[in-house]
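Each chain, letter by letter, is given below.
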Amino acid sequence: MDRDILLACRDASLGYEHRALLEHLTFTVRAGDYLCVVGENGSGKSTLMKSLLGLISPLAGTIDCPAQRAGAIGYLPQQTSAQRDFPATVNEVVLSGFANKRGLHFFYSAAEKSAALMNMGKLGVLELQNRCYRELSGGQQQRVLLARALCAADRLLILDEPVTGLDPAATQDLYKTLRYLNEKEKMAVIMVTHDMRGALREARTILHIGRDGWFFGTVAEYLASPAGKRFGGAL
């Protein structure tokens, strides 16, 4: 039986003010997929992220995201310095993942508070719940933000350079956590990354975006492609 389609990009041209950075882009993300988006700087990865999140519309073609319509997407953005210094408790940061689901309700429900505690437990940060977020290490902060994303997500996580700035141990720890969420919790993952080694090891499919075009396929297909031989074959 086919797995549910969570996101489908069909012959999409993406860009700004009638100038396309990506053209005729076609790929599908299904339940349980693990897709890594790789490629050169300035090739359009940030534009793709904004398009997948519905922040900008395709210039042509379509991006259909049933998961987004169902409120089932969790997003982990790149952190800024201001965000790293955010003066809130871990519990408050994680609970804020429910903000878009609450509508006009001001207070968090008992079910939301319980789910937040559960997600903190999954990510190994439950004992930090009363700590100030800005006092945590980079790896701890990423785990807190991932717990926050899980509060927003039911089926799909979108992550933008989640291992940037992390030390090797924290990087491997985060990959292990994502692997667990994908394999055991059946959470689909879309991750933009510059860590080619990590992408080839963790992902099932690769979307490579370059200035001269794009590639979408399995890791084995990517390594056999011209882009894969150039970027992944040297590892």
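Notes on the structure follow. Each chain carries its own residue numbering, running from 1 in the written order of its sequence. Thresholds applied to this predicted model are a pLDDT of at least 70 for local features of residues and 80 or more for the giving and counting of side-chain atom pairs; totals over whole chains, interfaces and linings are not thresholded and use all residues. Each side-chain value is derived from all of the structure's non-hydrogen atoms; neither hydrogens nor water enter the calculation.

**A few points about the nonpolar core**
Link 1 in the chain: The nonpolar core is taken to be a set of buried Ala, Val, Leu, Ile, Met, Phe, Trp, Tyr and Cys residues, with the residues joined through side-chain atoms within 4.5 Å. When a residue's accessible area, from a 1.4 Å probe over protein chains only, is under 20% of the maximum for its type it is buried; when over 50% it is exposed; and in between it is partly exposed. With 46 residues, the main nonpolar core has L146, L157 and I206 as its most contacted residues.
Link 2 in the chain: Once residues lying within four places of it in the same chain are set aside, the contact partners of L146 are L76, L123, L157, L159, L174, T177, L178 and L181.
Link 3 in the chain: Within the second largest apolar cluster, 27 residues are counted, among which are F27, V37, I63 and L156. Contact definition: two residues touch when any of their heavy atoms are within 4.5 Å.

**So, the pattern of salt bridges**
Link 1 in the chain: For this document, the term salt bridge refers to a Lys or Arg side-chain nitrogen within 4 Å of an Asp or Glu carboxyl oxygen. With the rule as written, the count across this model stands at six salt bridges.
Link 2 in the chain: For D4, the salt bridge goes to R155, with nearest N and O atoms at 3.2 Å. In this pair, D4 sits in the segment before strand 1 (5-16) while R155 sits in the loop between helix 7 (138-152) and strand 6 (156-160), placing the two residues 151 residues apart along the sequence.
Link 3 in the chain: Look at D4 and you get partly exposed, because its relative accessible area is 43%.
Link 4 in the chain: The exposure class assigned to R155 is partly exposed, which follows from its relative accessible area of 32%.
Link 5 in the chain: Three or more residues are tied together by salt bridges with common partners; here these are R179, R201 and E202. Helix and strand assignments come from DSSP, with helices taken as H or I runs of at least 4 residues and strands as E runs of at least 2, each series counted from the N terminus.

**A short note on the packing of aromatic side chains**
Link 1 in the chain: Think of it this way: a Phe, Tyr or Trp ring, Trp meaning its six-membered ring, pairs with another when their centres are within 6.5 Å, and the plane angle makes it stacked under 30 degrees, edge-to-face over 60, tilted otherwise. In total, this model carries two aromatic pairs according to the counting rule given.
Link 2 in the chain: Summarising the aromatic geometry, the rings of F27 and F216 are spaced 5.7 Å apart at their centres and angled 45° between planes, so their arrangement reads as tilted. With F27 in strand 2 (residues 19-30) and F216 in strand 9 (residues 213-218), this residue pair connects regions lying 189 residues apart in the sequence.
Link 3 in the chain: Among the residues examined, F27 registers a relative accessible area of 2% and is labelled buried.
Link 4 in the chain: With a centroid separation of 5.7 Å and 45° between ring planes, the pair formed by F215 and Y222 is classed as tilted.
Link 5 in the chain: Given a relative accessible area of 18%, F215 falls into the buried group.

**A closer look at the environment of Y222**
Link 1 in the chain: On the secondary structure map, Y222 appears in helix 10 (residues 219-224).
Link 2 in the chain: C-alpha separation for the pair Y222 and H208, spaced 14 residues apart in sequence, amounts to 8.3 Å.

**Section: the environment of E92**
Link 1 in the chain: Relative to the helices and strands, E92 is located in helix 4 (residues 90-95).
Link 2 in the chain: Through-space distance from the C-alpha of E92 to that of R148 is 9.4 Å; in sequence the pair is 56 residues apart.

**Remarks on the sheet that holds strand 5 (residues 73-76)**
Link 1 in the chain: In this description, strands pair whenever DSSP reports at least two bridges between them. Strand order across the open sheet formed by six strands is 5-6-7-3-8-9, with mixed pairing between neighbours. The open sheet has two edge strands, strand 5 and strand 9, and neither has a second partner. Sheet twist, expressed as the average angle between the axes of neighbouring strands with direction ignored, equals 15°.
Link 2 in the chain: In terms of strand pairing, strand 6 meets strand 7 (residues 188-192) through five bridges, oriented parallel. The residue bridging D160 from the neighbouring strand is V192, located in strand 7.
Link 3 in the chain: Strands strand 5 and strand 6 of the sheet are contacted by helix 7, whose axis makes an angle of about 160° with strand 5. Angular values range over 0 to 180 degrees, each being the angle between N-to-C directions of two axes fitted as lines to C-alpha atoms, with helices fitted over their stretch in contact.

Function cannot be inferred from these measures alone, as they are strictly geometric.
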